[in-house]
Amino acid sequence: MQNHLEVKLGKKTDRKGPVIFSEYKRGEAIKKALSMSREDILFELKDSKLKGRGGAGFPTSTKWMLTAAAKAEKKFIICNADEGEPGTFKDRVLLMEYPELVFDGMVVGGYTIGAQLGIVYLRGEYEYLLKPLEDYLEEMRKDNLLGKNILGKEGFDFDIEIVLGSGAYVCGEETALIESLEGHRGEPRNRPPYPINTGFLGRPTSVNNIETLAAVSHIVVKGGKWFAKFGTDKSSGSKLFSVSGDCEKPGVYELPWGTKISELLEIVGAKNAKAVQIGGASGHCIPKSQFDRTLAYEDVPTGGSVMIFNENRDMLHVLKNFMEFFVDESCGQCTPCRIGNVKLLEGVEMIEKGQYTFAHINKLKELGRTMQLASKCGLGQSSPNPFISILENFKDEIFNRGNGGRNGR
Amino acid sequence: MLVVEKNALSEEIESYVEKYGNDRSALLMILHEIQKKHRHISEFAQQEVARLLNIHPVEVYSVISFFAFLNSNPKGRNLVRICQTISCDMKGKKQVVQAIERELGIKIGETTKDNKFTVEYANCLGLCDMGPAMAINDQVYVNLTPEKAVELLSKVK
Ligand SMILES: Cc1cc2nc3c(=O)[nH]c(=O)nc-3n(C[C@H](O)[C@H](O)[C@H](O)COP(=O)(O)O)c2cc1C
Ligand code: SF4
Ligand code: FES
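Scoring rules and cut-offs
- Residues numbered from 1 in each chain as written.
- Chains lettered and ligands numbered in written order.
- Predicted model: local features only at pLDDT ≥ 70, side-chain atom pairs only at ≥ 80, totals over all residues.
- Heavy atoms only, no water.
- UniProt positions renumbered as here; feature names shortened; annotations may be inferred.
- Helix = DSSP H or I, 4+ residues; strand = E, 2+ residues; numbered from the N terminus.
- Domains from an automatic or database assignment.
- Pairing = 2+ DSSP bridges.
- Axes fitted to C-alpha atoms, helices over the stretch in contact; angles between N-to-C directions.
- Contact = heavy atoms within 4.5 Å.
- Near = heavy atom within 4 Å.
- Polar contact = N/O pair within 3.5 Å; in protein donor to acceptor, adjacent residues only side chain to side chain.
- Areas by Shrake-Rupley, 256 points an atom, 1.4 Å probe, with all protein chains shown as cover.
- Nonpolar A, V, L, I, M, F, W, Y, C, P; charged D, E, K, R; others polar.
- Buried < 20%, exposed > 50% of the residue type's maximum accessible area, 1.4 Å probe, protein only.
- Parallel < 35°, antiparallel > 145°, perpendicular 65-115°, else oblique.
- Left-handed = near helix turned anticlockwise from the far one by under 90°.
- Phe/Tyr/Trp six-rings, centres within 6.5 Å; stacked < 30°, edge-to-face > 60°.
- Lys NZ or Arg CZ within 6 Å of the ring centre and 35° of its normal.

- An unreviewed UniProt entry annotates chain B as NAD(P)H-dependent oxidoreductase subunit E of Ignavibacterium album.
- Recorded in UniProt for chain B, the comment headed Sequence similarities (unreviewed entry) runs: "Belongs to the complex I 24 kDa subunit family."

Set out below in structure tokens:
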């Protein structure tokens, strides 16, 4: 088996999918967009009902409309390539295999909102992609897909640069990302103001997930109505799922929104799953009894991380792993998150050792709910999710374990 | 630090400032370049960066201390980071870590006596479908077994 991950940009494996992985030729979306008015592009996006794929699910057409309407000499579009949520790797696959979709989407975004510069915030863990991606951008410049008067469009100048993050999950949060781009600690800002009017260097800025930008490229070429044909009424299009854990075929899958969890498990060959963590560490743990639920904004929304646990897995161990992650990654700026996550982790360790009372555990659940309300950013607001959902859904397994051993063993 | 070394480092940092600009927004990339080359960002380097970007050295330090991949104290010549997150954990991260610890005679978080390796945990590396995964400097390795991991380390100079 190959151990060294070979990085060859644009080399596609035999991926198939209705939208993102469908046919696309480099530059196509840019060419089409430049023949359209900005308003028409926004109309197509509105028709597509595309929502941001980075997790928050904000309508992309609204975000771009607001950024386009903001009056400023300079504007920016930022591609959020910080992909730090445990269990997610679809953005890496898009960058490696489909850079044309991502960068063309950025150019379209730059044109639509009136930005002159696009910045890719690439997580430090993906440093091995930096040079190949820079070479790719150089090729785009040669073909006038970047630079001055792009494809002969008088007055449309746009370029893209890449900035490397340095190992901080919270920098995926858009205001923390902007802080760190400005040369500060990556600590989230109070919102409002939002980046759409006060973003990078105080200018209007649209921050978009990689997959969102890739979807835009297809929408511009094939139309918003075409995109909205896929998925459900409230969740249009398709979603990339990063599947890992106990299954025969882990990897990235493109499926329409509205797919049942059980269908996904079938596709990836997960035979004896007892739980799936949807949405990464900050997501929710879904037990077997709920596998008929659907992946969609209106039921189980997700940025696409799917981690599968089979019958032999110790769910308390899983929970502990997640809480250690949050203790590590909390930026420490606000108290509910800085202290709260440590307390929740301590609670897990007490259960592990059999030294807990239910009164205390219930207090910790209450603390979790306070964190959801009182934390400053999405990290602290969602970090109690696994604590609450795993303890609730697996209470028999977890509280029937004997001292130190699993399930009384 | 010798004066010649200091001068060389100053020149090096000046070249980064030339490349990325002298605005504060260039800080992250400048620090990244220094970290990559020297495996740490020394106090002197911090002062030089601060001088060239016209900010206080403490500002530079506070950014370094924020990020997991930036550090002001020297580490080994090669940095090994093993993913500790759950998908890799379920695929045998522990066995890989134990094998590396035995082979190098250090615990995770430590640096070998000959300064060749520093071994650390990292959070999810975005290679969860191919775990266990680890990074050696800026290259990544996947589908590890204890034996494979040790073999890969033995090939590092
Ligand atoms: C702790 C935290 C981490 C995040 N990490 C990412 C990330 O890695 N990638 C991403 O696209 N969005 C991430 N987000 C969401 C961003 O703040 C933002 O909503 C998103 O980039 C907007 O793009 P979209 O509208 O295309 O989804 C994160 C949010 C939080 C609170
Ligand atoms: S919630 Fe956590 S990560 Fe977010 S600002 Fe507060 S301490 Fe920082
Ligand atoms: S869990 Fe190890 S790379 Fe994601």
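## Focus on the environment of Gly354 of chain A
- When you line up the elements, Gly354 of chain A lands in the loop between helix 12 (335-353) and helix 13 (358-374).
- Distance in space between the C-alpha atoms of Gly354 of chain A and Phe399 of chain A is 8.6 Å, their sequence separation being 45 residues.

## Considerations on the domain arrangement of chain B
- The domain architecture assigned to chain B consists of domain 1 (3-66) and domain 2 (78-155).
- Taking only C-alpha atoms, the centre of domain 1 of chain B and the centre of domain 2 of chain B are 29 Å apart.

## Things to note about the sheet that holds strand 3 (residues 134-136) of chain B
Residue and element names in this part refer to chain B.
- Across the sheet, which stays open at both edges, the 4 strands sit in the order 2-1-3-4 with mixed pairing between neighbours. One side of each edge strand has no neighbouring strand; the edge strands of this open sheet are strand 2 (117-122) and strand 4 (139-141). For this sheet, the mean angle separating the axes of adjacent strands, direction not counted, is 20°.
- Relative to strand 3, strand 1 (residues 78-83) is paired through 3 bridges, and the arrangement is antiparallel. Among the inter-strand pairings, Ile82 is bridged to a residue of strand 3, identified as Met134.
- Each of strand 1, strand 2 and strand 3 touches helix 6 (residues 93-104); the most contacted strand, strand 2, lies at about 165° to it.
- This element, helix 7 (residues 146-154), spans strand 1, strand 2, strand 3 and strand 4 of the sheet and lies at about 10° to strand 3.

## Observations regarding the environment of Val170 of chain A
- Inspection of the secondary structure puts Val170 of chain A in the loop between strand 3 (159-164) and helix 7 (174-181).
- Distance from Val170 of chain A to Gly280 of chain A, taken between C-alpha atoms, is 14 Å for residues 110 residues apart in sequence.

## Quick notes on the site of ligand 1
All names here are of chain A.
- Among the 19 residues in the neighbourhood of ligand 1, the closest are listed as Gly54, Lys63, Asn80, Asn209 and Thr212.
- Residue Arg53 places a main-chain N or O atom 3.2 Å away from an oxygen atom belonging to ligand 1.
- The backbone of Glu83 places a nitrogen or oxygen atom 3.1 Å from an oxygen atom of ligand 1.
- Protein burial of ligand 1: of its 610 Å² of free accessible surface, 88% is covered by the chains.
- Of all the elements in the fold, those that place two or more residues in the shell around ligand 1 are strand 4 (205-209) and helix 14 (378-382).
- With 3 residues, the top contributor of residues to the shell around ligand 1 is strand 4.
- Classifying every residue of the shell around ligand 1 by side-chain character gives 4 nonpolar, 9 polar and 6 charged.

## Topic: the pairing of strand 2 of chain B
All names here are of chain B.
- The element strand 2 is extensively covered by neighbouring structure, given that 5 of its 6 residues are classed as buried.
- When strand 1 meets strand 2, the two strands line up parallel, connected through 6 bridges. Looking across to strand 2, one finds that Asn78 is bridged to Phe117.

## Looking at the site of ligand 2
- Near ligand 2 there are 13 residues, and of these Cys331, Gln333, Cys334, Cys337 and Cys377 of chain A occur at the shortest range.
- Among the residues forming the shell around ligand 2, the class breakdown is 7 nonpolar, 5 polar and 1 charged.

## Examining the packing of helix 5 (residues 99-113) of chain A against helix 6 (residues 130-142) of chain A
All names here are of chain A.
- Their axes nearest at 12 Å, the elements helix 5 and helix 6 cross at an angle of 60°. Classified by the angle their axes make, helix 5 and helix 6 are oblique. At the point where helix 5 passes helix 6, the crossing takes the right-handed sense. Contacts between helix 5 and helix 6 involve Pro99, Glu100, Phe103, Asp104 and Val107 from the first element and Leu133, Tyr136, Leu137 and Met140 from the second.
- A class-by-class count of the residues in the contact of helix 5 with helix 6 yields 7 nonpolar, no polar and 2 charged.

## Details of the packing of aromatic side chains
All names here are of chain A.
- Counted according to the given criterion, the structure contains 15 aromatic pairs over all chains.
- Ring centres of Phe156 and Phe158 lie 6.1 Å apart, and the angle between their planes is 15°; this geometry places the pair in the stacked category.
- In this structure Phe156 comes out as buried when scored by relative accessible area, which is 5%.
- Taken together, the ring pairs connect Tyr111, Phe156 and Phe158 into an aromatic cluster.
- Here the basic side chain of Arg123 rests over the ring of Tyr126, its NZ or CZ set 5.1 Å away from the ring centre.

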